[in-house]
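Summary of structural features
The lines below spell out each chain.
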Amino acid sequence: MLTTTVAQAWISRWDRQQEGYLPDREERFTALIDAVEAGAGRPDPLVLDLGCGPGSLSARLLDRIPEATVVAIDTDPLLLALGRGAHSGRMALRFADHDLGTPGWAAALELGRPADAAVSTTALHWLPEPALRTAYTELASALRPGGLFLNGDHLDAGEPTLRRLERALADRATHRRFGDDRPEDWRQWWDAAAADPALAALAPDRSAAAGHHGSESGTLAAHVAALHDAGFGEVGTLWQHGNNRVLCAVRS
C-alpha cells in the first residue's frame, strides 16, 4: 500500500492539475456539498461518489458532514490506490472498484439501504451515451425515492450561440486565474505518475487516451434525457459558471 504521505502529495498535485481546467473547482465542490447538506433529509446521509478519482470530493464532503457515509466508486487502479492510501483512517469512506457503464454495479455495492444522495464531479462526460444511460439506470436503483443526484461537470447547452458564450466565459475565467502560467495538464500529470517508482506499477497504459478530450457525452441535453429515462423526475441546473454547472436530479 502507498504511504499516506506519498498518496496525499500526489492527490494535492492532482487537485492542482484539475484546477487548470476548472479554476472555480472549490466553489463547485461547495455548491455540491451545500445541496447534499440541504437536501439529503438526514444528518447522516449515505452518499455515493460516482467516478470519484482519488476521493477529493468525498473527503471534502466528510469534512463538512462528518456523520455521513460515502461510498466512492471508480475503476482506475492508480486513483483508487491514492484515495485508499490518503484516507485509510476515514472509516466512513469506502472505495469501490466498479465500472459505472457496466450493469450490476449498484447491487454489487451491497449498500444495506438505499442511498440518500449521489455526487459526481468532472467524471461522467467520459462515458459514451449508452454507458451513461446504464450508469444512470443503475444509480436510480441505488437511490431512495426523493434522493438527490448532483453532477458537477462541463456540460454544453444545445443552442450554438449559448454554447459558444458559455465556453467563452469558462475560458476567460481560466485565463484570469492563471494567465499563461497554467498548471500541468492531464497528460503531464499521468506521465509524471508513471515515472514515479512508487506509482509506476499502478499506472495503467494511457497511450490510447492521450488525445481524448473527455467529451463523449458532454451535452446538457444528453444528461437530462438519460436521467429522465432512468426514473428521475425533476432535473435542472442548480449552479452554473459558463458551461461549468451542477446538474441536480431528484429520484422519482
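No experiment lies behind these values; they were computed from the predicted model shown. (Residues numbered from 1 in each chain as written. Predicted model: local features only at pLDDT ≥ 70, side-chain atom pairs only at ≥ 80, totals over all residues. Heavy atoms only, no water.)

**Section: the overall build of the protein chain**
Helices and strands together make up the secondary structure of the protein chain, namely nine helices and seven strands. Compactness check: the protein chain gives a C-alpha radius of gyration of 17 Å against a globular reference of 18 Å for 252 residues, within 12% of the reference. Along the three orthogonal principal directions, the C-alpha set of the protein chain runs to about 45 × 45 × 30 Å. Across the 252 residues in the protein chain, those meeting the buried criterion constitute 52%. Of the roughly 11300 Å² that the protein chain leaves accessible, carbon and sulfur atoms contribute 53%. When the 24 basic and 34 acidic side-chain charges of the protein chain are each reduced to a single mean position, those positions are 3 Å apart. (Helix = DSSP H or I, 4+ residues; strand = E, 2+ residues; numbered from the N terminus. Rg over C-alpha atoms; globule rule 2.2 N^0.38 Å. Buried < 20%, exposed > 50% of the residue type's maximum accessible area, 1.4 Å probe, protein only. Areas by Shrake-Rupley, 256 points an atom, 1.4 Å probe, with all protein chains shown as cover. Lys, Arg positive; Asp, Glu negative; His and termini not counted. Charge placed at Lys NZ, Arg CZ, Asp CG, Glu CD.)

**Here's the deal with the UniProt feature "domain: Methyltransferase" (unreviewed entry) in the protein chain**
In this numbering, the UniProt entry assigns the feature "domain: Methyltransferase" (unreviewed entry) to residues 47-147. From the first C-alpha to the last, residues 47-147 spans 10 Å; its make-up is 37% helix and 27% strand. (UniProt positions renumbered as here; feature names shortened; annotations may be inferred.)

**As for the environment of Asp156**
The topology assignment puts Asp156 in the loop between strand S5 (143-154) and helix H7 (160-178). For Asp156, a relative accessible area of 8% puts it in the buried group. When the C-alpha positions of Asp156 and Glu166 are compared, they lie 7.5 Å apart, and in sequence the two are 10 residues distant. Apart from residues lying up to four places away in sequence, Asp156 is in contact with Arg163, Glu166, Arg167, Gly218, Thr219, Leu220, Asn243 and Arg245. Here the side chain of Asp156 touches Asn243 through a polar contact of 3.0 Å, side chain to side chain. (Contact = heavy atoms within 4.5 Å. Polar contact = N/O pair within 3.5 Å; in protein donor to acceptor, adjacent residues only side chain to side chain.)

**What to know about the environment of Arg172**
Assignment of secondary structure puts Arg172 in helix H7. With a relative accessible area of 58%, Arg172 lands in the exposed category. Considered as a pair, Arg172 and Gly242 are 70 residues apart in the sequence and their alpha carbons are 9.7 Å apart.

**Regarding the environment of His223**
Locating His223 in the fold gives a position in helix H9 (residues 220-230). Take His223: its relative accessible area is 0%, and that puts it in the buried class. When the C-alpha positions of His223 and Asn243 are compared, they lie 14 Å apart, and in sequence the two are 20 residues distant. If we ignore the near neighbours within four places in the chain, the residues touching His223 are Leu124, Leu132, Tyr136, Asn151, Leu155, Ser217 and Leu247.

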